Amino acid sequence: MDPQHAWQIAHTQLEIQFDRASFDTWLKHITFLDYNAQEQLFVLGVVNSYALDMLQHRLYTNVCRVLSDAFEQDVTIRFELVKRQPPSHPLPSAFPKYDDDDNGDMPLFRYMAQQPTDQLAQPLHQQVQRPQFGDVPQNDLNPRFTFDRFVVNRANYMVYEAAQAVAEMPNGVYNPLMVYGGVGLGKTHLLQAIANECQGRGLYVIYVPSEAFVNDLVIAIRRKQQAMFREKYRRADVLIVDDVQFIAGKESTQEEFFHTFNALYTFNKQIVLASDRPPDELTTLEDRLRSRFAGGLIVDVQPPEFETRVAILEMWAAERGVAVERDVLEMVADRAPDNIREMEGVFNQIVAKARFAPGEMTIERAERTIDRFEQPRNHFNRVTIRRVLEETAVEYRLEVSDLVSKRRTKRVNAARQVGMFIARDLTEASLPQIGDAFGGRTHSTVLHSCNKVTEELEFDLNLQAHIDAIRARLLGE
């Protein structure tokens, strides 16, 4: 192919791949000057020193790749400063004349250079718009995910040591490092701990969930910016991809990730991956990717032992500044044996109850809090005070008029207290609203009734049976 024609094709491709502002600033006015067949060297002309510097140091790889594709063989490029032909129309009077002694600078730069220095608050190179790489969520890191906060036990000791080794010496023997395990066991914690550690030492780290990688590729394809997509991922010192199993079945994503993996691995850049399964079980993933994943160190994250779960809960309690009894922590650890995220959710319920509701957090109170968390209110079957009155009356074989009357017999009084207790538990009514609905009682009477039922529930199984029956009918259970 004729070299000049090849450059014209490449120039058109660059216009498609770059955004308009970047192309107009740096690439639009490049001209073909010469081609050295022996050295396979293209000589291209640029019109000012600013564009020359940008093309030589920032955009050389992009331009060379596109030109090599157009010419159908690998080439090199030399950029040279050339004088631009004066424009056919006169420049506005605000700008100085442009002539052959301008040293290749565009009129705008000469005009700005002649202005008083106090008008240029920033250096000129900072005022020139430069091509920007698309946003990569490499800094989307949780500062709480550090190695110090990862509680180590016998089950996950190996994966912890491997992650620390990679963080201390990227590009070492554990490349790639692949961590796999079930949900909520700490894979993301370890990956972000590696990212935080490497980033703290000045390395360029990209931490990205696989979904974000896919979305970034889709946007690049839609905007015809694949070259920029490749450039920003392949210049990383450490690439960390979480939930890599989700790229299975996406052919374009697997193709791009394969080449990105190879490019980074070739230049000894660290790659860290996380998945819910080992590579040989990712059956919908291409063989060439699975073989590369299996070529490094593969470690699994095991569910923490009971003692480790208790230690994690003690750490959380200390961080939040709350005092929780040991037996309560052990009960929480026993409720969530296989998932740290679920255990944190249960723990947060306990902490919230301890902070916002007065009284000591006993084991019985903690169990009731957790039971309520595991069986949340049914907002689609809204419970009203009227319905509570009706169901309580049915349970105790009374009339609603008995519960709202002034009668204070033992049976009526017990039923009325239970009704108030359930109304406070299942409705959004305030204490005064409940008191009004139960015959004009004061809010202190309602509070006394609720506290009394709470105390009696600890030893009165018959009372618990009545309350469970009323709740079941109200919630449609």
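As the structure is a computational prediction, the values presented were derived from the model and not from experiment.

Quick notes on the rules
- All residue numbers refer to position in the chain's written sequence, counted from 1.
- Note on the predicted model: pLDDT of at least 70 is required for a residue's local features to be given, and 80 or more for side-chain atom pairs to be given and counted; whole-chain, interface and lining totals, by contrast, use all residues.
- Values shown for side chains rest on all heavy atoms present in the structure; no hydrogens or waters enter the calculation.
- Put simply, DSSP marks the helices as runs of H or I at least four residues long and the strands as runs of E at least two long, and each gets a number from the N terminus on.
- With a 1.4 Å probe rolled over the protein chains alone, any residue whose accessible area is under 20% of its type maximum counts as buried; one over 50% counts as exposed, and the rest are partly exposed.
- Between two residues, a contact is recorded if the distance between any of their heavy atoms is within 4.5 Å.
- For accessible areas, the Shrake-Rupley method is used with a probe of radius 1.4 Å. Any residue's cover is judged against the shown protein chains and nothing else.
- Residues qualify for a patch when their relative accessible area is over 30% and they have no salt bridge, like charges being joined within 9 Å and the nonpolar side chains of Val, Leu, Ile, Met, Phe, Trp and Tyr within 5 Å.
- By convention in these notes, a salt bridge is any Lys or Arg side-chain nitrogen within 4 Å of a carboxyl oxygen on Asp or Glu.
- We score Asp and Glu as negative and Lys and Arg as positive, and we do not count His or the chain ends.
- Each charge is placed at NZ for Lys, CZ for Arg, CG for Asp and CD for Glu.
- Nine residue types can take part in a nonpolar core, namely buried Ala, Val, Leu, Ile, Met, Phe, Trp, Tyr and Cys, and a core is a set of them joined through side-chain atoms within 4.5 Å.
- By convention, a stacked pair of Phe, Tyr or Trp rings (six-membered ring in the case of Trp) has centres within 6.5 Å and planes under 30 degrees apart, an edge-to-face pair has planes over 60 apart, and any other such pair is tilted.
- Two limits define a charge over a ring: the Lys NZ or Arg CZ must be within 6 Å of the ring centre, and within 35 degrees of the ring normal.
- Strand pairing follows a simple DSSP-based rule, namely that at least 2 bridges must link the two strands.
- Here the axes come from fitting lines to C-alpha atoms, over the contacting stretch only for helices, and the angles between their N-to-C directions go from 0 to 180 degrees.

Draft legend 1. The arrangement of the overall build of the protein in detail. In terms of regular secondary structure, the protein is built from 22 helices and eight strands. The 477 residues of the protein split such that 43% are buried. Once local pairs closer than 6 in sequence are excluded, the contacts in the protein between residues at least 24 apart make up 70%. If you sum the accessible surface of the protein, you get close to 25600 Å²; carbon and sulfur atoms cover 49% of it.

Draft legend 2. A negative patch on the surface, seen in detail. Taken together, Glu325, Asp327, Glu364, Glu367, Glu455 and Glu458 make up a surface patch of like negative charges. Residue position: Glu325 is located in the loop between helix 13 (306-320) and helix 14 (326-335). For Glu325, a relative accessible area of 47% corresponds to the partly exposed category.

Draft legend 3. Quick peek at the pattern of salt bridges. In the structure shown here, the tally under the stated rule is 11 salt bridges. Measuring nitrogen to oxygen at the nearest pair gives 2.9 Å for the salt bridge that ties Asp402 to Arg407. For Asp402, a relative accessible area of 14% puts it in the buried group. Judged by relative accessible area, Arg407 falls into the partly exposed class, the value being 40%. Here the salt bridges share partners, and the residues they tie into one network are Arg230, Arg234 and Glu256.

Draft legend 4. Spotlight on the side chain of Asp242. Tracing the backbone shows Asp242 in strand 6 (residues 238-242). Lys187 provides the closest opposite charge to the buried, unpaired Asp242, separated from it by 6.3 Å.

Draft legend 5. How the structure looks around the nonpolar core. Membership of the largest hydrophobic core comes to 30 residues, with the highest contact counts inside it found for Ile422, Ile434 and Ile467. When contributions to this core are tallied by element, the ones reaching two or more residues are helix 17 (385-395), helix 18 (400-403), helix 19 (410-426), helix 20 (431-437), helix 21 (443-456) and helix 22 (461-475). When residues of this core are assigned to their parent elements, the largest contribution, eight residues, is made by helix 19. Among residues more than four places away in sequence, those in contact with Ile422 are Val388, Thr427, Ile467, Ile470 and Leu474.

Draft legend 6. Fine view of the packing of aromatic side chains. As enumerated under the stated definition, the model contains 15 aromatic pairs in all. With a centroid separation of 5.2 Å and an interplanar angle of 90°, the aromatic rings of Phe42 and Phe71 are classed as edge-to-face. Here the residue Phe42 occupies a position in strand 2 (residues 41-46), and Phe71 occupies one in helix 4 (residues 60-71), the gap between them amounting to 29 residues. By way of ring pairs, the aromatic residues Phe213, Phe229, Tyr233, Phe257, Phe261, Tyr265 and Phe293 are connected into one cluster. Over the ring of Phe258 we find Arg288; its NZ or CZ atom is 4.0 Å from the centre of that ring.

Draft legend 7. Spatial organisation of helix 17. Among the residues of helix 17, those classed as buried are Ile385, Val388, Leu389, Glu391, Thr392, Ala393 and Glu395. Those residues of helix 17 hidden inside the fold are in contact with helix 18, helix 19, helix 20 and helix 22. Phi turns positive, to about 55°, at Arg397, one or two residues after helix 17.

Draft legend 8. Spotlight on unusual backbone geometry. For the bond from Asn175 to Pro176, the omega torsion is 0°, close enough to zero to count as cis. Along the chain, Pro176 falls in the loop between helix 7 (157-168) and strand 4 (177-180). In this model, Asn268 sits at a positive phi of 60°, which is unusual for a non-glycine residue. Mapped onto the secondary structure, Asn268 falls in the loop between helix 11 (251-266) and strand 7 (270-275).

Draft legend 9. Structural view of the sheet that holds strand 1 (residues 31-36). Within the open sheet, the three strands sit side by side as 1-2-3. Their pairing is mixed. In this open sheet, the two strands that pair with only one neighbour each are strand 1 and strand 3 (76-81). Between one strand axis and the next, the sheet turns through 25° on average, direction left out of account. On top of the sheet, helix 1 (residues 3-17) reaches strand 1 and strand 2; it is set at about 135° to strand 1, its chief contact.

Such coordinate-based values are descriptive only and should not be taken to indicate function.
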